[in-house]
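Report on the structure
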Amino acid sequence: MPAPKSGWTSFWHKMTALELLTLADASTLKGESVVPDGFSYVVEVAGNGRYRTYHYGNPLYQPWPQARKMLRIEQTLRREIPFLEYAVPSAQISSSTASEQK
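It should be emphasised that the depicted structure is a prediction, and the values quoted were computed from it without experimental measurement.

What follows concerns the nonpolar core. The biggest cluster of nonpolar side chains holds 18 residues, and the ones touching the most others in it are Tyr54, Tyr56, Met70 and Ile73. Among the elements that line this core, the one with the most residues is helix α2 (residues 65-80), at four residues. With residues near it in sequence (within four places) discarded, Tyr56 still touches Leu23, Ala24, Asp25, Ala26, Leu29, Phe39, Ser40, Tyr41, Trp64, Gln66, Ala67 and Met70.

Written as structure tokens, this is what we have:
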């Protein structure tokens, strides 16, 4: 895998600021919107002898701030590591996270 555009240190700071290591699993949050089809994200993190995984189904349509962070993690990955191609259009992600960034 190529190095992120901003370098590993900057990239890692961005990911940890978005709570990549500590984001709650969607199953622990209340009020999930049921969407018949869409995108799911599964994150697996391992390090220092620890492993955890968490999941967000259709974060674009979920009411939680954690779902917006999941989308921002995906958006950051897309910007930083160019060969990673995803099917969720950036415009959708940008419009859904714009209000949170204010």
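From this point on, the discussion continues.
What the largest pocket holds in volume is close to 260 Å³. Taken together, 16 residues line the largest pocket, and the ones lying closest to its centre are Leu20, Val42, Val43, Ile73 and Leu77. Those elements that place two or more of their residues in the lining of the largest pocket are α1 (8-17), β1 (40-47) and α2. It is β1 that contributes the most residues to the lining of the largest pocket, six residues altogether. Counted by class, the lining of the largest pocket contains 14 nonpolar, no polar and two charged residues. Put simply, the second largest pocket is a space of about 210 Å³. Leu21, Thr22, Val45, Ala46, Gly47, Asn48, Arg50, Tyr51 and Arg52 are the residues that line the second largest pocket.

Remark: α1 packs on α2, axes separated minimally by 10 Å, with the N-to-C direction vectors making an angle of 165 degrees. Of the possible angle classes, the one that applies to α1 and α2 is roughly antiparallel. Relative to α2, the crossing made by α1 is right-handed. The segment α1 lies against α2, with Phe11, Lys14 and Met15 engaging Ile73, Thr76, Leu77 and Glu80.

Calculation criteria
- Residues numbered from 1 in each chain as written.
- Predicted model: local features only at pLDDT ≥ 70, side-chain atom pairs only at ≥ 80, totals over all residues.
- Heavy atoms only, no water.
- Core = buried A, V, L, I, M, F, W, Y, C linked by side-chain atoms within 4.5 Å.
- Buried < 20%, exposed > 50% of the residue type's maximum accessible area, 1.4 Å probe, protein only.
- Helix = DSSP H or I, 4+ residues; strand = E, 2+ residues; numbered from the N terminus.
- Contact = heavy atoms within 4.5 Å.
- 1 Å grid on protein atoms, 1.4 Å probe; cavity = no way out; pocket = protein on both sides within 12 Å on 5 of 7 lines; lining within 4 Å.
- Points joined across faces, edges and corners; volume = space filled by probe spheres on them.
- Nonpolar A, V, L, I, M, F, W, Y, C, P; charged D, E, K, R; others polar.
- Axes fitted to C-alpha atoms, helices over the stretch in contact; angles between N-to-C directions.
- Parallel < 35°, antiparallel > 145°, perpendicular 65-115°, else oblique.
- Left-handed = near helix turned anticlockwise from the far one by under 90°.

Spatial relationships are all this shows, so hold off on functional conclusions.
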